[in-house]
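Coordinates in review
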2 protein chains.
Amino acid sequence: MRSYRALESRFARLHALGDAAGILGWDAQTLMPDGAAEGRADQLAVLKGLAHDILTAPETADLLAAAGDEAAGLGPWQRANLAEMRRAHLHATAVPRDLVEANSRAVSRCEMTWRQARRDADFARLAPDLAEVLRLQREVGRAKGERLGLSPYDALLDGYDPGMRRARIDPLFAELRDFLPGYVAEARSRQAAEPPPLPLDGPFPVDLQRQVGLALMGAAGFDFGRGRLDVSLHPFCGGATDDVRITTRYDEADVTRALLGVLHETGHALYEQGRPVAWTRQPVGEARGMSLHESQSLIVEMQACRSRAFAAHLAPLLAGTFGRQGPAWTAENLYRLHTRVEPGFIRVDADEMTYPAHILLRYGLETAMIAGDLAVADLPGAFNDGMRDLLGLAVPDDRLGCLQDIHWPGGSWGYFPTYTLGALAAAQLFRAAREAEPDLVPALARGDFGPLTGWLRANVHAKGSLLDTDALLQEATGAPLGAAAFRLHLEERYLGGVRDRTRG
Amino acid sequence: MRSYRALESRFARLHALGDAAGILGWDAQTLMPDGAAEGRADQLAVLKGLAHDILTAPETADLLAAAGDEAAGLGPWQRANLAEMRRAHLHATAVPRDLVEANSRAVSRCEMTWRQARRDADFARLAPDLAEVLRLQREVGRAKGERLGLSPYDALLDGYDPGMRRARIDPLFAELRDFLPGYVAEARSRQAAEPPPLPLDGPFPVDLQRQVGLALMGAAGFDFGRGRLDVSLHPFCGGATDDVRITTRYDEADVTRALLGVLHETGHALYEQGRPVAWTRQPVGEARGMSLHESQSLIVEMQACRSRAFAAHLAPLLAGTFGRQGPAWTAENLYRLHTRVEPGFIRVDADEMTYPAHILLRYGLETAMIAGDLAVADLPGAFNDGMRDLLGLAVPDDRLGCLQDIHWPGGSWGYFPTYTLGALAAAQLFRAAREAEPDLVPALARGDFGPLTGWLRANVHAKGSLLDTDALLQEATGAPLGAAAFRLHLEERYLGGVRDRTRG
């Protein structure tokens, strides 16, 4: 096992470099003074370059080859670890260094252009830089695809959700496309038949919002000995092993946004804090891809904290914290506020019922662009057509349309589908957890996350990257990823109960 | 100049690694959750190891050799840069990797033991680990000394103040030892002849203390676009290039301590922010050693901000900020509070007149230990004898004696003298600045640091590591480092005016 051990030590160093970059990246978005941006970019580039050098060094390849001969003596976690090392090595060595650097430069330039283009709703300004990013992403996808035996898009997708393929996604998304428009229409007409929920009147002082957020993080199982809550313009979960840092952004006029944002990021954080203790610094100890990561944030935010049960706990907690009372502060009104369905232009503001439409649209567009079937110049039109088809909305300008997200300018092609795959997985896992733990929902009504978090730790978090997404779901829920649980969830929450399917 | 250019690019990477470590180290002392300590230590060790690998790679030695042939084509800054690269390379390659690692492990262990030993005033518990650190420091000193052509102690000292030698320090410290005891006695009897200054009555809310600190940092020239002020248990100046982060610790009962601490760290920070713009990421752009660094903090804190002139600005500022009035809040009373002389056990709490005694003591002890003339077991006795001789104090236990500082357990042998060399340099530089800028002191009385900071930027900060300490002082003040200006400063401030030396 000498070669395997040497690889463990090598990947532990890579992990430390990644953790260092994680803290530096967190700092850049929370505390760093503006004048430090250029230096920080240098630091991160140097760390990334050194990590790439270690991963692609001939010695790493030699050790991987030699460790193959030792496989018989390895346990299942070690074998899975070796497989993850190989995967990382394949992804890293598949792309020539010139292409890595060209892509990195193009992305940096395009992100800068995008900020101005979005501000001015000026797609034409972005188009040339975006075309260059697309060209390079297609090259990256081709290069990785050749090594991995995958299509270019699948090769890119594999970087975000290892093992996930278009062949798995397409039927799931087709199913959503089939039933969602009708469900949205029905949910909206049910809501329209009732008086709208009462708004919660502010102001909500930031220190009290933070206090409630911290209390709920703690209740959900967040370990403050190994993490923090801070403020940033765009909320995220980052940091390092045993140092998981989530952020939010407070608005004194709106208590829901920051609070549910904190709970969303807490879901991500619980996954990171719950990774298998013996393997936290090895590839097999990493969280298993972005789909499952998103499932963990959506379980906490959407499945648990926007539930009717949890509203029974949250409503008096908020009323007490902010010293309010009256009909707006009942559990039922809060629940109705938290489950409002309303098609809108902005993906990150979407409710859980209309959110998949934003993803279906982007998935269709990015697969077409990677395949060479859609040109950058035709993107705004295609985007706006899709918004009309999927959500019945006429996009007034590209700022509210195809310029809203950083993913494409930022070179994250193949990332978008993981949001909705995560929503499907969240519903499926929550359903299984609820069945396994009969007290789970009653506990939420008491503000007790114990049964939920305990189940997730054992069935998701502690698995690290031992299994791929489908295999993990199979073990945890008895089935691979599907849309059935998500559909049932929407029926229960928005349509008055589960539909009778026996009618055919 | 191909080799020289390649070296610049190599040292820029090293600089980025150092900056990354600077931010991670700052974070560890300000925000990091406890559970992250082990991971952070890993990250820093990996960064340090990679930097050491780059610096000691055969290719670096080859480039340094080849760049020697290009020296004729280099400008003065480039030549000085090359010399600093060589110095860094010599220091790094002089010590075998085994010894570097053994030393690093011994220091980590000894620091942990020291925390317990200090808490319990139990030197016996520390002694074995400290003896091991000393043994390894002597080896490091010997190894470096052989390569650098220096004695072991001078070789260690050279790591903190390049070019500084015992032969320069000994006569300066002898001079201090000669006149300081009499000066301290006289200052104390002058103070005893007057009623003591009135204390400033608290409480002083932290947010107001922070507000005054920020205002004075800004007035002194601190650039908040390239730095921050935060809180830590032990105040320090850290961070990275264009990201200089100072810390303080607030006590609501005491406004002076945090405020003068902030001003002290601001002096360090101004040096870092004022390094030569074109060279900030090269060795020649670094600050020139710890003696000059300490001189910059002491100029701001001791020379400028504890002056009678500055008290005229500070007293009404504090009275207004905290809404106080009365005889305690006059400029004269504040000045007397800020210039109180009182021998004490703790170095970091010492006034500027008794501080050098703490350093003379430690310098004598550490040079004897490195030379093999003093055993660790005999340290407490020797320390306490020295405190009696130098300050007339009987040390009640080792917590207030030889256990108070982290430097020896932490492997920083050769560091202590730079504190007092810094005090001498501060007096010498301030005197030269005052002569060059007649408005300097009147400006301080208006809260205007412009003339002082402007002179320091031009004559110290912007020089980076172009010159060694003596050469820089020669250029800036007309003389190499001496004790004369410090002596005059003490006479003016504490003894009623400059002594007439013509009497003999």
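Residues numbered from 1 in each chain as written. Chains lettered and ligands numbered in written order. Predicted model: local features only at pLDDT ≥ 70, side-chain atom pairs only at ≥ 80, totals over all residues. Heavy atoms only, no water.

Per an unreviewed UniProt entry, chain A goes by the name Metal-dependent carboxypeptidase and belongs to Methylobacterium oxalidis. Of the comments in the UniProt record for chain A, the one headed Catalytic activity (unreviewed entry) reads "Release of a C-terminal amino acid with broad specificity, except for -Pro." For chain A, the Function (unreviewed entry) comment in UniProt is given as "Broad specificity carboxypetidase that releases amino acids sequentially from the C-terminus, including neutral, aromatic, polar and basic residues." (UniProt positions renumbered as here; feature names shortened; annotations may be inferred.)

Once that is clear, we can look at the overall build of chain A. The helix and strand tally for chain A stands at 20 helices and 3 strands. Since a compact globule built from 504 residues should have a radius of gyration of about 23 Å, the 23 Å found for chain A is in line with a globular shape. With the principal axes as the frame, chain A shows a C-alpha extent of 70 × 60 × 50 Å. Looking at chain A as a whole, 56% of its 504 residues qualify as buried. Contacts in chain A between residues far apart in sequence, at least 24 positions, make up 73% of those at least 6 positions apart. Carbon and sulfur atoms make up 53% of the accessible area of chain A, which amounts to about 20000 Å² in all. Distance between charge centres in chain A, computed from 55 positive and 66 negative side chains, equals 1 Å. (Helix = DSSP H or I, 4+ residues; strand = E, 2+ residues; numbered from the N terminus. Rg over C-alpha atoms; globule rule 2.2 N^0.38 Å. Buried < 20%, exposed > 50% of the residue type's maximum accessible area, 1.4 Å probe, protein only. Contact = heavy atoms within 4.5 Å. Areas by Shrake-Rupley, 256 points an atom, 1.4 Å probe, with all protein chains shown as cover. Lys, Arg positive; Asp, Glu negative; His and termini not counted. Charge placed at Lys NZ, Arg CZ, Asp CG, Glu CD.)

This paragraph deals with the sheet that holds strand S1 (residues 227-231) of chain A. Residues and elements named next belong to chain A. What the 3 strands build is an open sheet, ordered S1-S3-S2; its pairing is mixed. Each edge of the open sheet carries a strand with a single partner, namely S1 and strand S2 (237-240). Sheet twist, expressed as the average angle between the axes of neighbouring strands with direction ignored, equals 25 degrees. Two strands pair when backbone bridges link them, and S2 and strand S3 (residues 243-248) are joined in this way by 4 bridges, in the antiparallel orientation. (Pairing = 2+ DSSP bridges. Axes fitted to C-alpha atoms, helices over the stretch in contact; angles between N-to-C directions.)

Residues and elements named next belong to chain B. Structurally, the position occupied by Thr113 is in helix H5 (residues 97-119). A relative accessible area of 11% places Thr113 in the buried class. Aside from chain neighbours lying at most four places away, what touches Thr113 is Arg125, Leu126 and Asp129.

With that out of the way, let us pick up the environment of Arg446(B). Residues and elements named next belong to chain B. As for its placement among the helices and strands, Arg446 is situated in the loop between helix H17 (440-445) and helix H18 (450-459). Arg446 sits in the partly exposed class, given a relative accessible area of 48%. In the structure, Arg446 is positioned 271 residues away from Glu175 in sequence and 36 Å away in space, judged by C-alpha atoms. When sequence neighbours within four positions are dropped, the list of residues in contact with Arg446 reads His313 and Asp439.

For the rest of this paragraph, the subject is the relation of the copies chain B and chain A. Mapping chain B onto chain A is achieved by rotating through 180 degrees and translating by 0.0 Å along the same axis, at an RMSD of 0.0 Å. Here the copies are linked by what is in effect a two-fold axis. (Least-squares fit on C-alpha atoms with pLDDT ≥ 70 in both.)

Oppositely charged side chains may form a pair once their charged atoms are brought near each other. Summed over the entire model, instances satisfying the criterion amount to 84 salt bridges over all chains. The salt bridge involving Asp158(A) is made with Arg165(A); its shortest N-O contact spans 2.8 Å. Overall, Asp158(A) belongs to the buried group, its relative accessible area being 4%. Judged by its relative accessible area of 23%, Arg165(A) is partly exposed. Note that Arg275(B) is salt-bridged to Glu272(B), the shortest N-O span being 3.1 Å. Salt bridges sharing common partners tie together Asp42(A), Asp223(B), Arg226(B), Asp242(B) and Arg281(B). (Salt bridge = Lys/Arg side-chain N within 4 Å of Asp/Glu carboxyl O.)

What follows deals with the domain arrangement of chain A. All names here are of chain A. Partitioning chain A into structural domains gives domain 1 (1-94) and domain 2 (106-199 + 268-303 + 337-504). Spacing between the C-alpha centres of domain 1 and domain 2 amounts to 27 Å. Between domain 1 and domain 2, the residue contacts involve 17 residues of the former and 23 residues of the latter. Contact between domain 1 and domain 2 buries roughly 1700 Å² in total, counting both sides, with carbon and sulfur atoms accounting for 63%. A per-residue breakdown of the area domain 1 buries against domain 2 is headed by His15, Trp77 and His91, which together make up 41% of the total. Here domain 1 is connected to domain 2 by 2 salt bridges. For Arg87, the salt bridge is made with Asp158, and the minimal N-O distance between the two is 3.2 Å. The interface formed by domain 1 and domain 2 includes 10 residue pairs in polar contact (both at pLDDT 80 or more). Counting only elements with at least two residues in the side of domain 1 that touches domain 2, the list comes to helix H1 (2-30) and helix H4 (76-94). Among the elements that take part in the side of domain 1 that touches domain 2, H4 stands out by supplying 12 residues, more than any other. When grouped by side-chain class, the residues that make up the side of domain 1 that touches domain 2 number 9 nonpolar, 5 polar and 3 charged. (Domains from an automatic or database assignment. Buried area = accessible area lost by both parts, 1.4 Å probe. Polar contact = N/O pair within 3.5 Å; in protein donor to acceptor, adjacent residues only side chain to side chain. Nonpolar A, V, L, I, M, F, W, Y, C, P; charged D, E, K, R; others polar.)

The subject of this paragraph is the packing of aromatic side chains. Taken as a whole and judged by the stated rule, the model has 28 aromatic pairs over all chains. One aromatic cluster is present, formed by Tyr160(A), Tyr355(A), Trp408(A), Trp413(A), Tyr415(A), Phe416(A) and Tyr419(A) through successive ring pairs. Lying over the aromatic face of Phe416(B), Arg362(B) brings its terminal NZ or CZ to 5.6 Å of the ring centre. (Phe/Tyr/Trp six-rings, centres within 6.5 Å; stacked < 30°, edge-to-face > 60°. Lys NZ or Arg CZ within 6 Å of the ring centre and 35° of its normal.)

In this section: the UniProt feature "binding site: Zn(2+)" (unreviewed entry) in chain A. All names here are of chain A. Mapped onto this structure's residue numbering, the UniProt feature "binding site: Zn(2+)" (unreviewed entry) falls at His264, His268 and Glu294. The greatest C-alpha distance among the residues just named is 8.9 Å, despite their covering 31 residues of sequence, which places them together in space. Relative to the helices and strands, His264 is located in helix H10 (residues 255-273). Look at His264 and you get buried, because its relative accessible area is 14%. Residues in contact with His264, not counting those within four places in the same chain, are Glu294, Ser297, Leu298 and Glu301. As for its position among the elements, His268 is in helix H10. Given a relative accessible area of 10%, His268 falls into the buried group. Sequence-distant contacts of His268, that is, excluding residues within four places in its chain, are made with Cys237, His293, Glu294, Gln296 and Ser297.

Right, let's get into the interface of chain B and chain A. At the interface, 35 residues of chain B touch 35 residues of chain A. Taken together, the two surfaces of chain B and chain A that pack against each other cover about 2500 Å², and 61% of this comes from carbon and sulfur. Along the contact surface separating chain B from chain A lie 6 salt bridges. There are 10 residue pairs in polar contact (both at pLDDT 80 or more) connecting chain B and chain A. Broken down by secondary-structure element, the contributors of at least two residues to the side of chain B that touches chain A are helix H1 (2-30), helix H2 (37-56), strand S1 (227-231) and strand S3 (243-248) of chain B. Of the residues contributing to the side of chain B that touches chain A, the split by class is 16 nonpolar, 5 polar and 14 charged.

All names here are of chain A. Sequence positions flagged by UniProt for "active site" (unreviewed entry) are, in local numbering, Glu265. When you line up the elements, Glu265 lands in helix H10. The exposure class of Glu265 is buried, given its relative accessible area of 8%. With residues near it in sequence (within four places) discarded, Glu265 still touches Pro235, Phe236, Cys237, Ile246 and Thr247. Within the structure, the side chain of Glu265 is placed 3.3 Å from the backbone nitrogen of Cys237, a separation counted as a polar contact.

Below, the discussion takes up helix H18 (residues 450-459) of chain A. Every buried residue of H18(A) is accounted for by Pro451(A), Leu452(A), Thr453(A), Trp455(A) and Leu456(A). On the buried face of H18(A), the contacting elements are helix H9 (206-220), H10, helix H11 (289-305), helix H16 (417-436), helix H17 (440-445) and helix H19 (469-477) of chain A.

Backbone phi values are negative for most residues with the exception of glycine, while trans is the configuration of most peptide bonds. Residues and elements named next belong to chain A. In this structure, the amide linkage connecting Gly202 to the following residue, Pro203, adopts the cis form with an omega of 0 degrees. Within the element layout of this structure, Pro203 appears in the loop between helix H8 (166-192) and H9. Its identity is not glycine, yet Asp242 carries a phi of approximately 60 degrees, on the positive side. Mapped onto the elements, Asp242 comes out in the loop between S2 and S3.

This part is about the sheet that holds S1(B). Residue and element names in this part refer to chain B. Strand order across the open sheet formed by 3 strands is S1-S3-S2, with mixed pairing between neighbours. Since the sheet does not close on itself, it has two edges, and those belong to S1 and strand S2 (237-240), each with one partner. Each adjacent strand pair in this sheet contributes to an overall mean axis angle of 25 degrees, direction not counted. Here 5 bridges tie S1 to S3, and the two strands are oriented parallel to one another. The residue of S3 that forms the bridge with Val231 is Thr248. Running at roughly 165 degrees to S3, helix H10 (residues 255-273) makes contact with S1, S2 and S3 of the sheet.

Residues and elements named next belong to chain B. Examined against the element boundaries, Trp77 turns out to sit in helix H4 (residues 76-94). The partly exposed category is assigned to Trp77, whose relative accessible area is 23%. Spatially, the C-alpha atom of Trp77 lies 39 Å from that of Asp349, the residues being 272 residues apart in sequence. With sequence-adjacent residues up to four places away left out, Trp77 is seen in contact with Pro276, Trp279, Val284, Ala462, Lys463, Gly464 and Leu466.

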